[in-house]
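# Structural overview
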Amino acid sequence: MGWRVNYYCYCVVTLYLNSSIVILGILAVVAAPRFLNLQGDANASTLEGLQGSIRSGMNIVNGKSIIASEQKEATATVAVDTGNVATVYGYPAATQAAFEAFLDVKFAADNTADFNLVEITADNKVIIFPNSYVQADDCRIEYTQATAAVTTTAPIKTVVTAPVVTLVTDGC
């Protein structure tokens, strides 16, 4: 009689183990992709860090432009530790050369550098996106350079609008 009880216990334990393995397999197939999107999260975090660097760098460049009394100039150049930065109304111009100078980051348009950068001269804008993405993907930083308007009433003065830095990470 004792062997029948042991056989029954063995069958029940085996049944529980097999069903547990099946349930864990189903969970792995369904839940793992949601939690393992590590590359997208890493790209989004990298862009957030780069956005912070852009904001800090543009404020440093703007401070140097104010010291040099060039914050109201349509174009000028400011010297920083990593080179000369072309400025527009005291802020970095929307060019690859200006960004490489004030950020000390290498940019390209063909996945050969740290990030890809595309200049859109008609809109005075640059789009920065990680390698393996394209500029139309929702994984990018858009930088629109500063603009200025001259008032028409007394006193006549130049009113500068700071650059706009937009972070888009929905598609990372």
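Let me sum up the structure you'll find in this document. (Residues numbered from 1 in each chain as written. Predicted model: local features only at pLDDT ≥ 70, side-chain atom pairs only at ≥ 80, totals over all residues. Heavy atoms only, no water.)

### Observations regarding the overall build of the protein
- Scanning the protein for helices and strands turns up three helices and 10 strands.
- Each helix (α) and strand (β) of the protein, taken in turn from the N terminus, gives the series α-α-β-β-β-α-β-β-β-β-β-β-β.
- Put simply, of all contacts in the protein between residues at least 6 apart along the chain, 41% involve residues at least 24 apart.
- About 10600 Å² of surface is accessible on the protein, with carbon and sulfur atoms providing 58% of the total. (Helix = DSSP H or I, 4+ residues; strand = E, 2+ residues; numbered from the N terminus. Contact = heavy atoms within 4.5 Å. Areas by Shrake-Rupley, 256 points an atom, 1.4 Å probe, with all protein chains shown as cover.)

### Considering the sheet that holds strand β2 (residues 83–88)
- Read across the open sheet, the three strands follow the order β1-β2-β3; overall the sheet is antiparallel. Every other strand in the sheet has two partners, leaving β1 (76–80) and β3 (91–92) as the edge strands with one partner each.
- Where β1 lies against β2, five bridges are found, and the strand directions are antiparallel. Looking across to β2, one finds that A79 is bridged to N84.
- Along the sheet, helix α2 (residues 38–67) contacts β1, β2 and β3; its crossing angle with β1, the most-contacted strand, is approximately 110°.
- Together, β1, β2 and β3 form the strand contacts of helix α3 (residues 96–103), whose direction differs from that of β2 by roughly 125°. (Pairing = 2+ DSSP bridges. Axes fitted to C-alpha atoms, helices over the stretch in contact; angles between N-to-C directions.)

### Side note on the pattern of salt bridges
- According to the stated counting rule, one finds three salt bridges in the structure shown.
- Measuring nitrogen to oxygen at the nearest pair gives 3.6 Å for the salt bridge that ties K125 to E142. Pair noted here: K125 is in strand β6 (residues 125–129) and E142 is in strand β7 (residues 140–144), with a separation of 17 residues, a long-range link. Each member of the pair K125 and E142 is classed as buried.
- When the shortest N-O distance is used, the salt bridge between D138 and R140 registers 3.2 Å. (Salt bridge = Lys/Arg side-chain N within 4 Å of Asp/Glu carboxyl O. Buried < 20%, exposed > 50% of the residue type's maximum accessible area, 1.4 Å probe, protein only.)

### Focus on the state of the cysteines
- Taken as a whole and judged by the stated rule, the model has one disulfide.
- With its sulfur 2.0 Å from that of its partner, C139 forms a disulfide with C172. Judged by the torsion about the S-S bond (95°), the C139/C172 disulfide is right-handed. Placement of C139 in the loop between β6 and β7 and of C172 in the segment after β10 (164–168) is noted, with a sequence separation of 33 residues between them. (Disulfide = S-S within 2.5 Å.)

### Things to note about the nonpolar core
- By size, the foremost hydrophobic cluster in this structure holds 34 residues, and its most contacted members are I54, F99, L103, F107, I128 and Y143.
- Contributions of two or more residues to this core are made by α2, β2, α3, β5 (115–120), β6 and β7.
- In terms of residues, this core owes the most to one element, α2, which gives six residues.
- Those residues in contact with I54, other than ones at most four positions away along the chain, are F99, F102, L103, I128, I141, Y143 and V165. (Core = buried A, V, L, I, M, F, W, Y, C linked by side-chain atoms within 4.5 Å.)

### Considerations on the packing of α2 against α3
- Closest axis-to-axis distance for the α2/α3 pair is 10 Å, and the angle between their directions is 90°. Between α2 and α3, the angle is such that the two are roughly perpendicular. Seen from α2, the contacting residues are L50, S53, I54, G57, M58 and V61; seen from α3, they are F99, F102 and L103.
- Of the residues that constitute the contact of α2 with α3, the class distribution is seven nonpolar, two polar and no charged. (Parallel < 35°, antiparallel > 145°, perpendicular 65-115°, else oblique. Nonpolar A, V, L, I, M, F, W, Y, C, P; charged D, E, K, R; others polar.)

### Regarding the sheet that holds β10
- A sheet is described by the order of its strands in space; here five strands give the open sequence β4-β5-β6-β7-β10, paired in mixed fashion. In this open sheet, the two strands that pair with only one neighbour each are β4 (107–108) and β10.
- Both β4 and β5 contribute to a ladder of two bridges, which runs parallel. Each residue of the ladder has a partner; that of F107, found in β5, is F115.
- Across the face of the sheet, α2 comes into contact with β5, β6, β7 and β10 while running at roughly 175° to β10.

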